[in-house]
Every structure is written in structure tokens, then in C-alpha cells.
Amino acid sequence: MRVGNEELELKDRLNLIETMIAEGRRTTESYGWTFVLWGVAYFAAIAWSNLSHYYLAWPITMVGACVLMTLIIWRKRRNCGYRTSNTTKRAIWATWAAMGISAFVILDALGFSYRMDQHAYPHVFMAVMATLLATANAASSIILKWKLQFACAAVWWATVVVCCFGTARQSSIAFLAAMFLCQIVFGVYLMIREARARREGAHHA
Amino acid sequence: MPELPELNPVIHGKLRLALLSLLIGVEEAEFTWLRLKTGSTDGNLGAQLLKLEEAGYVAVEKKFVQRKPQSLYRMTEAGRQAFIEYVQALKQLLGSAIGGQE
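S.K.: Can you help me understand the overall build of chain B in this one?
M.R.: A count of helical and extended segments in chain B gives five helices and three strands. Sequence-ordered secondary structure for chain B, helices as α and strands as β, is α-α-β-α-α-β-β-α. When burial is assessed residue by residue, chain B has 25% of its 102 residues classed as buried. Within chain B, counting contacts between residues at least 6 apart in sequence, those at least 24 apart form 57% of the total.

Right under this line is the structure:
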């Protein structure tokens, strides 16, 4: 009987370890909204720059989206009351932050130097953006071992090819379609998945 | 017959084991997060974390964020090693218990 009780206690400890490790990895953080936010920001920037031809449309929209995202993250963290970090989270964050800084630097530098007019050379502008988004999505998908996000990267790479070989109209359609699929649809899907995971206590990645 | 390993008494306590299991999956965690995950009281949690700290298994960093005190806990290398050894010993003991019944 004593041996049976000891065995039960040992099994109980092993179960506790498994449960707590799973609990520690479970994330209540959400990232889907960031894809949607940036998708909407890109669409807003495209619409604004095409309708008004205002040369600061892109920088203003991008800085606005960046400020809005920072405010939302800050508010979420403050309300959350706890914080955890691990290498995976930092790697994902680094990938997207590096992509954002690169996009900001190259597009602003090209725009202000008048070496790339987005209206005269829309292919180049869209190819650069698509390349950056493909790189960030691919790196993130490899870190998370997530095939669906790698599919998003593949869509962006296909867009790069279309932008390099297609007409301005074909490039624009491909870019807008990729934006809708990989930012809005993917973001909404992620938000639904995160909400379900929070409800069920399941976890992703 | 091989000698059965002893279980580390510092880690064997339920709450301390739960805390180390949580901390092994994250780089650092706030006191409030550990309290939420374990469902423990402030007093008990603080006491168990202090025992782990005294054993050199966790390190704590105390700071103020927006004028509020914040305690960040992280597992030390010694804690990681002791936890791995504990799990191995536990599995070995369980294996021998199951083997002994057969």
C-alpha cells in the first residue's frame, strides 16, 4: 500500500511538472491585430497617396500606425500586470522590428532623395515592400515552424516576381491582393484563433 | 540492483516544483504572473521563492516600473541543472516502482 501511495505521489509530481510547463508556455498575448492594423495602414497609405499624390502620405501613415501600435501594446502590458519573455518571442519581435526599421529607412530615403517616385516607378516601390514583408513572414514562420505563415511569405515572393515582370496594373492588383490575403485575412484568422485559444486554454507556438 | 536516486527536497515541495516548472519555460517572470499561474497566496509564494533563491535556483531582480515595485524572477543555471536532475531521478524512481510491481 505504501509503495502504491509513493508511486501515486511521484506520478502526481510528474503531472504537475507537465501541467506547469504547458501553463508557462501558454500565451495570453495576441498578435493578429497587428497584421490587421498594418494591413489597414498600408491600404490607407495607398489610397491617400493615389488620391492626393501627397508625397508625405506614406511616411505619415506609417508613423501614425507605429505610434498607434506602440500605444496599444503599452496599454495591453499595463492592464496585463505580468510579463514573461523568452528567446522565441524576442526573435519574432526582432524580426518584425528590423523589417519595420528597414522599410522606414529605405522607403523614406528613396522618397526624399527623389530617386524613386512611387507614381513613376510603382513596380520598384511595391517590389521593395513585398520583399521586406516576405522576408519577415518567412523568418517568423521558420522560428515558429508555422506553415501557414510560410505560405504568406510565398504569396509575397510571388508578388515580388509579378512586380518585376508585370505591368503597373498587374503589379498593383497582385500587391493589393497579397496585402488583403496576408495582412487582413491572415490577421483576422489569427485573431479568431487567439480568441478561441484563450477560451479553451489551449496554446499556440 | 542499482541504487535508487534521492529526490532533491528543495525542489520536491509542490509549490516550489510548480514554480521551477513555470520558470524553466520563460526567461523571466513577474511575481504577479507566478501568483496567477500557481493560484498561491502572496505570503506562501514569497516564502517558497525565497527558499529557491537561498538554494541558488532562482535569481530575483527588484525594480520600480511607473513607481510600482516589480519583482522579476529567473531560473539560474544551477536551478536548471537541479531541475533536470530532479526530473531524471523522478523518472528513474517511477520506472523502478512500475518495474517492482511487475
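From this point, the narrative continues.
S.K.: Help me out: how do you make sense of the overall build of chain A in this one?
M.R.: Looking only at helices and strands, one finds seven helices and one strand in chain A. Listed N to C, the secondary structure of chain A is α-α-α-β-α-α-α-α in terms of helices and strands. Among the 205 residues that make up chain A, the fraction classed as buried is 22%. Of the contacts formed within chain A by residues at least 6 apart in sequence, a portion of 64% connects residues at least 24 apart.

S.K.: Looking at this structure, I do not really get the interface of chain A and chain B. What am I missing?
M.R.: How big an interface is tends to be reported as the loss of accessible area on association of its parts. With 21 residues of chain A at the contact, the number on the chain B side is 21 residues. Elements represented by at least two residues in the side of chain A that touches chain B include exactly α1 (2-25) and β1 (84-85) of chain A. In terms of residue count, the dominant contributor to the side of chain A that touches chain B is α1 of chain A (14 residues). Split by residue class, the side of chain A that touches chain B holds eight nonpolar, six polar and seven charged.

S.K.: Just to check I follow, could you spell out helix α4 (residues 87-112) of chain A for this structure?
M.R.: The periodicity of an α-helix, 3.6 residues per turn, causes residues three or four positions apart to be oriented the same way. Between its first and last C-alpha, α4 of chain A extends 37 Å over 26 residues, near the 38 Å set by a 1.5 Å rise per residue. Positive backbone phi, approximately 60°, marks Tyr114 of chain A, located one or two places after α4 of chain A.

S.K.: Looking at this model, I keep getting lost on the nonpolar core. Mind explaining?
M.R.: Generally speaking, nonpolar side chains in soluble globular proteins are found buried as a group. Residues and elements named next belong to chain A. Ranked by size, the top nonpolar core spans 28 residues in total, and within it Ala130, Trp156, Cys163, Phe175, Ala178 and Cys182 carry the most contacts. Contributions of two or more residues to this core are made by α2 (32-52), α5 (122-144), α6 (147-165) and α7 (168-200). When near neighbours in sequence (up to four residues on either side) are disregarded, Trp156 contacts Ala130, Leu133, Ala134, Asn137, Ala178 and Cys182.

S.K.: I'm lost on the confidence of the model for chain A in this one. Help?
M.R.: Low pLDDT marks regions whose predicted coordinates should not be analysed in detail. Across chain A, pLDDT averages 84, with 87% of residues at or above 70. For chain A, per-element mean pLDDT is lowest for β1 of chain A, which scores 68, and highest for α6 of chain A, which scores 95.

S.K.: Before we go on, may I ask you to explain the pairing of strand β3 (residues 68-75) of chain B in this structure?
M.R.: Along any regular strand the residues' side chains alternate between the sheet's two faces. All names here are of chain B. When strand β1 (residues 28-30) meets β3, the two strands line up antiparallel, connected through two bridges. Directly across from Ala29, in β3, lies its bridge partner Tyr73. Where strand β2 (residues 58-65) and β3 come together, eight bridges link them in antiparallel fashion. Residue pairing for β3: Lys63 is matched across the bridge by Gln70. Between β2 and β3, which pair antiparallel and follow one another directly, the connecting turn spans two residues, one of which, Gln66, has a positive phi of 50°.

S.K.: It is not clear to me how unusual backbone geometry should be interpreted in this structure. Could you clarify?
M.R.: Leaving glycine out, the prevailing phi sign among residues is negative, and the prevailing peptide bond configuration is trans. Positive phi values are uncommon outside glycine, yet Lys145 of chain A reaches one of about 55°. Within the secondary structure, Lys145 of chain A is located in the loop between α5 and α6.

S.K.: Please explain helix α4 (residues 42-54) of chain B as it appears in this structure.
M.R.: Residue and element names in this part refer to chain B. Taking 1.5 Å of rise per residue, 13 residues should cover 18 Å, and α4 covers 18 Å from first to last C-alpha, within 8% of that figure. Along α4, the residues that are buried comprise Gln48, Leu49 and Leu52. Buried residues in α4, looked at end-on, bunch into an arc of 100°, giving them a common side. Exposed side chains of α4 directed beyond 90 degrees from the buried face belong to Asp42, Gly43, Leu50 and Glu54.

S.K.: Would you take a moment to explain the environment of Leu68 of chain A for this structure?
M.R.: Position of Leu68 of chain A among the secondary structure elements: in helix α3 (residues 57-80). Between the C-alpha atom of Leu68 of chain A and that of Leu37 of chain A, which follows or precedes it by 31 residues, the distance is 8.9 Å.

S.K.: Help me out: how do you make sense of the environment of Arg25 of chain A in this one?
M.R.: Mapping Arg25 of chain A onto the fold places it in helix α1. With 61 residues separating them along the chain, Arg25 of chain A and Asn86 of chain A place their C-alpha atoms 9.4 Å apart.

S.K.: Mind showing me how you'd approach the packing of α5 of chain A against α6 of chain A here?
M.R.: A pair of packed helices can be characterised by two numbers: the angle between their axes and the separation between those axes. All names here are of chain A. Orientation of α5 relative to α6, taken along the N-to-C sense of each, is 160°, at an axis distance of 8 Å. Between α5 and α6, the angle falls in the class roughly antiparallel. As α5 packs across α6, the resulting crossing turns out to be left-handed. Contacts between α5 and α6 pair His123, Met126, Ala127, Ala130, Thr131, Leu133, Ala134, Asn137, Ala138, Ser140, Ser141 and Leu144 from the former with Gln149, Phe150, Cys152, Ala153, Trp156, Trp157, Thr159, Val160, Cys163 and Cys164 from the latter. Its residues placed into classes, the contact of α5 with α6 shows 15 nonpolar, seven polar and no charged.

S.K.: Just checking my understanding: could you explain the packing of helix α2 (residues 14-23) of chain B against helix α3 (residues 31-38) of chain B for this structure?
M.R.: Residue and element names in this part refer to chain B. Remark: α2 packs on α3, axes separated minimally by 11 Å, with the N-to-C direction vectors making an angle of 120°. Here α2 is positioned oblique relative to α3, judged by the angle of their axes. In the packing of α2 onto α3, the handedness of the crossing is right-handed. For the pair α2 and α3, contact is made by Leu15, Ala18, Leu19 and Leu22 and by Leu34, Lys37 and Thr38, respectively. Taken together, the residues that form the contact of α2 with α3 break down as five nonpolar, one polar and one charged.

Parameters and conventions
- Residues numbered from 1 in each chain as written.
- Chains lettered and ligands numbered in written order.
- Predicted model: local features only at pLDDT ≥ 70, side-chain atom pairs only at ≥ 80, totals over all residues.
- Helix = DSSP H or I, 4+ residues; strand = E, 2+ residues; numbered from the N terminus.
- Buried ≥ 20, exposed ≤ 12 C-beta atoms within 10 Å, placed from the backbone.
- Contact = placed C-beta atoms within 7 Å.
- Nonpolar A, V, L, I, M, F, W, Y, C, P; charged D, E, K, R; others polar.
- Expected span 1.5 Å × (residues − 1).
- Core = buried A, V, L, I, M, F, W, Y, C linked by C-beta atoms within 7 Å.
- pLDDT = per-residue confidence, 0-100.
- Pairing = 2+ DSSP bridges.
- Arc of directions from axis to C-beta.
- Axes fitted to C-alpha atoms, helices over the stretch in contact; angles between N-to-C directions.
- Parallel < 35°, antiparallel > 145°, perpendicular 65-115°, else oblique.
- Left-handed = near helix turned anticlockwise from the far one by under 90°.

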